[in-house]
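Each chain, written out:
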Amino acid sequence: MTRAQQQLALLATFSITYFICFAGLLPLPEKIQDEIIPVLPFWFLVSFGAFLLFKLGYGVLTFNDVPDAYEELMGQIKQAKTDLRKKGVDVSD
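The structure presented is a predicted model; accordingly, all values stated were derived computationally and were not measured.

Conventions we followed
- Residues numbered from 1 in each chain as written.
- Predicted model: local features only at pLDDT ≥ 70, side-chain atom pairs only at ≥ 80, totals over all residues.
- Heavy atoms only, no water.
- pLDDT = per-residue confidence, 0-100.
- Helix = DSSP H or I, 4+ residues; strand = E, 2+ residues; numbered from the N terminus.
- UniProt positions renumbered as here; feature names shortened; annotations may be inferred.
- Buried < 20%, exposed > 50% of the residue type's maximum accessible area, 1.4 Å probe, protein only.
- Contact = heavy atoms within 4.5 Å.
- 1 Å grid on protein atoms, 1.4 Å probe; cavity = no way out; pocket = protein on both sides within 12 Å on 5 of 7 lines; lining within 4 Å.
- Points joined across faces, edges and corners; volume = space filled by probe spheres on them.
- Nonpolar A, V, L, I, M, F, W, Y, C, P; charged D, E, K, R; others polar.
- Phe/Tyr/Trp six-rings, centres within 6.5 Å; stacked < 30°, edge-to-face > 60°.
- Salt bridge = Lys/Arg side-chain N within 4 Å of Asp/Glu carboxyl O.

Concerning the confidence of the model for the protein chain
At step 1: Scored by pLDDT, the protein chain has a mean of 91; 98% of the residues are at 70 or more.
At step 2: The least confident element of the protein chain is helix 4 (residues 67–86), whose mean pLDDT is 89; the most confident is helix 1 (residues 3–23), at 95.

And the structure:
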């Protein structure tokens, strides 16, 4: 089973479970049926967005400077400027 098939199977399982709960086919307490089940998809989206925002912030916070990569990049920039100057392109420093 491919990764896409696994994700689709998981999505189908959650969708069917949510529909069963939302339609009232599964007996749940009235408060849960009327107040929690209808807003569950929005709660999931907000929670997922908060998780992704935290993950992005954590990645930025723990991003390490790599001096070797910096030197390599600067060398590539100098090489590109040299090549462009040889071809007659005006490159400002």
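Once the structure has been displayed, the description carries forward.
A look at the UniProt feature "transmembrane region" (unreviewed entry) in the protein chain
At step 1: The positions UniProt marks with the feature "transmembrane region" (unreviewed entry) are residues 7–28 and 40–61.
At step 2: Counting secondary structure, residues 7–28 comes out at 77% helix and 0% strand; the distance between its end C-alpha atoms is 28 Å.
At step 3: End C-alpha atoms of residues 40–61 are separated by 31 Å, and the span's content is 100% helix alongside 0% strand.

Focus: the side chain of Gln33
At step 1: Tracing the chain through its elements places Gln33 in helix 2 (residues 30–36).
At step 2: Since its relative accessible area comes to 17%, Gln33 is described here as buried.
At step 3: Beyond its immediate sequence surroundings of up to four residues, Gln33 is in contact with Cys21, Phe22, Gly24, Leu26, Leu28 and Pro38.

Regarding the layout of surface pockets
At step 1: Quantified by volume, the largest pocket comes out at close to 380 Å³.
At step 2: For the largest pocket, the full set of lining residues is Gln7, Leu10, Leu11, Phe14, Thr17, Tyr18, Cys21, Ile37, Leu40, Pro41, Trp43 and Phe44.
At step 3: Top contributing element to the lining of the largest pocket by residue count: helix 1, with seven residues.
At step 4: Here the lining of the largest pocket is built from residues that sort into ten nonpolar, two polar and no charged.

Comments concerning the environment of Lys31
At step 1: Looking at the secondary structure, you find Lys31 in helix 2.
At step 2: For Lys31, a relative accessible area of 58% translates into the label exposed.
At step 3: Between the C-alpha atoms of Lys31 and Tyr70, which are 39 residues apart in sequence, the distance is 58 Å.

Considerations on the packing of aromatic side chains
At step 1: Following the criterion strictly, the structure yields three aromatic pairs and no others.
At step 2: On the numbers, 6.1 Å between centres and 10 degrees between planes, the contact of Phe44 with Phe48 is stacked. Of the two residues, Phe44 and Phe48 both sit in helix 3 (residues 40–61), four residues apart, roughly one turn of that helix.
At step 3: On the basis of relative accessible area, Phe44 is assigned to the exposed category, the value being 52%.
At step 4: Exposure remark for Phe48: the relative accessible area of 41% places this residue in the partly exposed category.
At step 5: Considering the side-chain rings of Phe54 and Tyr58, the 6.2 Å spacing of their centres and the 25 degrees angle between planes classify their relative orientation as stacked.

Here's the deal with the pattern of salt bridges
At step 1: One pass over the full model with this rule turns up one salt bridge.
At step 2: Across the salt bridge formed by Glu35 and Lys31, the nearest N and O atoms sit 3.9 Å from each other. Of this pair, Glu35 and Lys31 both sit in helix 2, separated by four residues, roughly a single helical turn.

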